[in-house]
Amino acid sequence: MLQKTHTLAGLLTAECVLSYFHQPLLTWEGGAALLIGCVAGPLADIDKKGSTMAKILLPISWGLHLLKVKHRTLTHSLIFILALASLLSALPELFYLTAILAYASHSLIDMFNDQGVALFWPWKVKIRLLPKFLAIDTGSFSEGVFRLILAAAAIAYPFLGLSSGILF
Ligand SMILES: [Zn+2]
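Residues numbered from 1 in each chain as written. Predicted model: local features only at pLDDT ≥ 70, side-chain atom pairs only at ≥ 80, totals over all residues. Heavy atoms only, no water.

Named according to an unreviewed UniProt entry, the protein chain is Inner membrane protein originating from Fontibacillus phaseoli.

Right under this line is the structure:
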């Protein structure tokens, strides 16, 4: 999937976490959580040369390249998500859950892709959640539709939660 799709998934994840904590969006904490979601969502693609995350975090991207880490393997794996969860455990609960769940949303939606994800890396088998004919190719029309659904959900979600004070 493209970075903008993962960013939207991260944003939607952050909104869900904020809702879980009954934390309004339009606060410093809410804004910080949304930002964390937008960054953590596409972060796993740091293993992809030329991706925005690889350009932003160039030294880490170079390191992964030198270690010959292939795309959709280590950084998309369950073991890496668990390591990250342990590394970030000192964060306040709101930011911690946002970061981990937004990061994990990446592997989840990449599994809708035709190529799948090596979720149980170092086991090399790539896991795909949809049959090939329904799988969403990167940059395809179906990814555009999927992104539109994510965008609509991300826009609608705060308003649906108005009565419980999600916005203010
Ligand atoms: Zn990816």
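Continuing now.
Asker: Help me get a handle on the packing of aromatic side chains, residues and values and all.
Answerer: If you walk through the whole model with that rule in mind, you get four aromatic pairs. Aromatic pair Tyr20 and Phe21: ring centres 5.2 Å apart, planes at 85°, arrangement edge-to-face. Overall, Phe21 belongs to the partly exposed group, its relative accessible area being 26%. With centroids separated by 5.9 Å and ring planes inclined at 35°, the aromatic side chains of Phe80 and Tyr103 adopt a geometry described as tilted. Taken together, the residues span a long stretch of sequence, with Phe80 in helix α5 (residues 78-87) and Tyr103 in helix α6 (residues 93-110) at a distance of 23 residues. Among the residues examined, Tyr103 registers a relative accessible area of 2% and is labelled buried. (Phe/Tyr/Trp six-rings, centres within 6.5 Å; stacked < 30°, edge-to-face > 60°. Buried < 20%, exposed > 50% of the residue type's maximum accessible area, 1.4 Å probe, protein only. Helix = DSSP H or I, 4+ residues; strand = E, 2+ residues; numbered from the N terminus.)

Asker: Which residues make up unusual backbone geometry, and what values go with them?
Answerer: Leaving glycine aside, a negative phi is the common case for residues, and trans is the common case for peptide bonds. Here the bond from Trp121 into Pro122 is cis, since omega is 15°, no more than 30 degrees from zero. Along the chain, Pro122 falls in the loop between α6 and α7 (141-160). Its identity is not glycine, yet Lys68 carries a phi of approximately 60°, on the positive side. One non-glycine residue with positive phi stands out, namely Arg72, at about 60°. With respect to the helices, strands and loops of the structure, Arg72 is situated in the loop between α4 (58-66) and α5. Of the residues examined, Arg72 reaches a relative accessible area of 3% and is grouped as buried.

Asker: Run through the UniProt feature "transmembrane region" (unreviewed entry) in the protein chain, naming residues and quoting values.
Answerer: Annotation from UniProt places "transmembrane region" (unreviewed entry) at residues 78-104 and 145-167. Helix makes up 81% of residues 78-104 and strand 0%. Its end C-alpha atoms lie 8 Å apart. (UniProt positions renumbered as here; feature names shortened; annotations may be inferred.)

Asker: Just give me the short version of the coordination of the zinc ion, but keep the residues and values in it.
Answerer: Surrounding the zinc ion are the protein donor atoms Asp45 (OD), His76 (NE2), His106 (NE2) and Asp110 (OD), which sit 2.0 to 2.2 Å from the metal. Relative to the metal, the four donor atoms surrounding the zinc ion lie at angles of 90 to 169°, and the coordination shape comes out irregular. Written as a sequence motif, the donor residues of the zinc ion are D-x30-H-x29-H-x3-D. Residue His106 and its partner Asp110 are located together in helix α6, separated by four residues, close to a single helical turn. (Donors = N, O, S within 2.8 Å, 3.2 Å for Na, K, Ca; no water. Tetrahedral: all angles 85-135°; square planar, octahedral: opposite > 155°, others 65-115°.)

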